[in-house]
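Examining the three-dimensional arrangement
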Number of protein chains: 2
Amino acid sequence: MEENTVELSLNQATTRPYPLIATAEAAMQAGIRHIGLWIEPVQEIGIARTRRLLADTGLSVSSVCRAGFLAGKEGAELKEAMDSVRRALDLSHEVGSPMLTLIAGGFPEHDRSIRNAEDRLRARIEELEPHARETGVRLALEPLHPLFVQSRSVVTRIAQAHRVIKDFPAETVGILVDAYATAWDPTFDDDVLAAGPRIAGYQVSDFALPLPIPDNMNGRLFPGDGSLDLGSLTASVRRAGFIGPVEVEIFNEDIWELPLQTIVDRTVDSFARHLTQPLNALERQPV
Amino acid sequence: MEENTVELSLNQATTRPYPLIATAEAAMQAGIRHIGLWIEPVQEIGIARTRRLLADTGLSVSSVCRAGFLAGKEGAELKEAMDSVRRALDLSHEVGSPMLTLIAGGFPEHDRSIRNAEDRLRARIEELEPHARETGVRLALEPLHPLFVQSRSVVTRIAQAHRVIKDFPAETVGILVDAYATAWDPTFDDDVLAAGPRIAGYQVSDFALPLPIPDNMNGRLFPGDGSLDLGSLTASVRRAGFIGPVEVEIFNEDIWELPLQTIVDRTVDSFARHLTQPLNALERQPV
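All values derive from a computational prediction rather than experimental measurement.

Concerning the interface of chain B and chain A
- At the interface, 33 residues of chain B touch 33 residues of chain A.
- Around 2,700 Å² of area is buried between chain B and chain A when both sides are counted, 60% of it from carbon and sulfur atoms.
- Three residues stand out in chain B for area buried against chain A, namely Arg112, Trp184 and Pro186 of chain B, and they jointly supply 23% of the buried area on that side.
- Our enumeration of links across chain B and chain A arrives at four salt bridges.
- The partner of Arg115 of chain A in a salt bridge is Asp190 of chain B, with the nearest N and O atoms 3.2 Å apart.
- Linking chain B to chain A there are 12 residue pairs in polar contact (both at pLDDT 80 or more).
- Put simply, the parts of the chain that give the side of chain B that touches chain A at least two residues each are helix H5 (114-135) and helix H6 (158-165) of chain B.
- When the residues that make up the side of chain B that touches chain A are grouped by side-chain class, the tally is 16 nonpolar, nine polar and eight charged.

Concerning H5 of chain B
Residues and elements named next belong to chain B.
- Taking 1.5 Å of rise per residue, 22 residues should cover 32 Å, and H5 covers 30 Å from first to last C-alpha, within 8% of that figure.
- The principal kink in H5, of about 35°, is found at Leu128, preceding the proline Pro130 by one to four residues.
- Of the residues making up H5, those classed as buried are Ile114, Ala117, Glu118, Arg120, Leu121, Arg124, Ile125, Leu128, Glu129, His131, Ala132 and Thr135.
- Where H5 is buried, its residues touch helix H4 (75-94), strand S4 (99-103), strand S5 (138-141), H6 and strand S6 (173-178).
- Two or three places before Arg115, at the start of H5, stands the capping residue Ser113, its side-chain oxygen 3.4 Å from that residue's backbone nitrogen.
- One or two residues past the end of H5 sits Gly136, with phi positive at roughly 70°.

Observations regarding a negative patch on the surface
- A surface patch of like charges, here negative, comprises Asp215, Glu253, Asp254 and Glu257 of chain A.
- Mapped onto the elements, Asp254 of chain A comes out in helix H10 (residues 253-256).

Considerations on the packing of helix H5 (residues 114-135) of chain A against helix H6 (residues 158-165) of chain A
Residue and element names in this part refer to chain A.
- At a closest axis distance of 9 Å, the pairing of H5 and H6 adopts a crossing angle of 50°. For the element pair H5 / H6, the angle class is oblique. The two elements H5 and H6 cross, and the hand of that crossing is right-handed. For the pair formed by H5 and H6, the contact residues are Ile114, Arg115, Glu118, Leu121, Arg122 and Ile125 on the first element and Gln160, Arg163, Val164 and Ile165 on the second.

Cut-offs and rules
Residues numbered from 1 in each chain as written. Chains lettered and ligands numbered in written order. Predicted model: local features only at pLDDT ≥ 70, side-chain atom pairs only at ≥ 80, totals over all residues. Heavy atoms only, no water. Contact = heavy atoms within 4.5 Å. Buried area = accessible area lost by both parts, 1.4 Å probe. Salt bridge = Lys/Arg side-chain N within 4 Å of Asp/Glu carboxyl O. Polar contact = N/O pair within 3.5 Å; in protein donor to acceptor, adjacent residues only side chain to side chain. Helix = DSSP H or I, 4+ residues; strand = E, 2+ residues; numbered from the N terminus. Nonpolar A, V, L, I, M, F, W, Y, C, P; charged D, E, K, R; others polar. Expected span 1.5 Å × (residues − 1). Bend = angle between axes of the 7 residues up to and from the residue. Buried < 20%, exposed > 50% of the residue type's maximum accessible area, 1.4 Å probe, protein only. Patch = residues over 30% accessible without salt bridge, like charges linked within 9 Å, V, L, I, M, F, W, Y side chains within 5 Å. Areas by Shrake-Rupley, 256 points an atom, 1.4 Å probe, with all protein chains shown as cover. Lys, Arg positive; Asp, Glu negative; His and termini not counted. Charge placed at Lys NZ, Arg CZ, Asp CG, Glu CD. Axes fitted to C-alpha atoms, helices over the stretch in contact; angles between N-to-C directions. Parallel < 35°, antiparallel > 145°, perpendicular 65-115°, else oblique. Left-handed = near helix turned anticlockwise from the far one by under 90°.

From the geometry alone we can't say anything about function, so treat these as descriptive.
Shown next, in the form of structure tokens:
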């Protein structure tokens, strides 16, 4: 069925060194219909120019990345982070994004309790939720890989993200599922099913060891180049009810050295071979 | 209370480049009373010499590391791995170890389902359990860091290890909790409490990014040199009922280049400052 076809969205991180305009045009020419924007490149060319670009290329915005880092902050630093999320919600609204990726933040030196950090995060999301409602942009809390629990995100599991946000309205606060960050989770399938309509977005890339230095973040690969079973993971997310565009979001210094056209072509090709085709096969089977 | 004092065990991985005899003698001289042995260095000097060494130094064996890697294997490869676990149980018995560390193994290329891998692992532990009972050595399933889910261990959470082994007798099959591998888990405290008498052993080291290449395994640090709150984590494990010796198990190329005496001294010193002292303070408070 046409309406159930899995659609690719190109997250701008994948083509990070290239200007937004060039990326959007290359995406359009490759037949891509959706884009995940990052805040800084949008600010660089401005909202008006971004909106014209989206209109000209026919690209719809699947997400804006990213704001947050709230759980470990206090005082003036926290106030600035909260204001920054509000501005990011405004920007997301202005470029027509349905959601803003929210990163939890790590914990402060003096309190390394994950539960306490979850409580602070919940209280801060509660303060932000009215602004999400006003702008019509969903806050999408993204569990990161456990590797980054201290430095970037106390939220590392889908079930945990769900527990943190469950008392907020589903239409204003959701979860962004990233396959690279959560595929290791022994209850991935159950957890996405339980999250169901809370799933606001879904990102993929592939995993292999060793992670590179100096930044262990930048070991992500094109679908199919690592060990993840992206067909099965994506089928679970779709069975849970998420049928929006699937973002390919890759952080990788070697890939960033490739020509823009090569990155876009390899994104399209690897997505077709390791997501669209396996999904067509899986979704033709009875569950 | 004297009987509740947290006791240090030196896991041999921490002094990996040095012969077992030198390590045991340095440990004794530093006042250490327990040691975690590795299979290969024991085999190098033989069981009889190891037993004499343990008698001469007064060291008790807290664990033998490690065997397993069962979940992804089949056929002849699996048979060899199973036999290898049985031999390791015999060796553990002969050196007086209460437990053998069991590593789950990753998954094979053709089936990347974690649930299927758990089922295979459970079936294989069931076959091994009678031998554990005969030797009086407990199989201790160790969750590894999610980073190694594909390559080394499909078991990454304490709750998951518990689910895999819960139908086996507690006296023959337990869990080895490693703080480095599981501190990120948002339900660490609840999960160790639920595991309770299943906790067969407990290991510590400290965490920092970036992990080194080429082997991301070898980024472990002395207690206090990273971001883990080892005092709190250890207090939770002790509240769950585990009051055995706490192994310091460090994999780190830089530390392995230090003189043996320096490694042992820094182990003793960091353990006192970041485990014994915080625990004394924590355990004097009402829970």
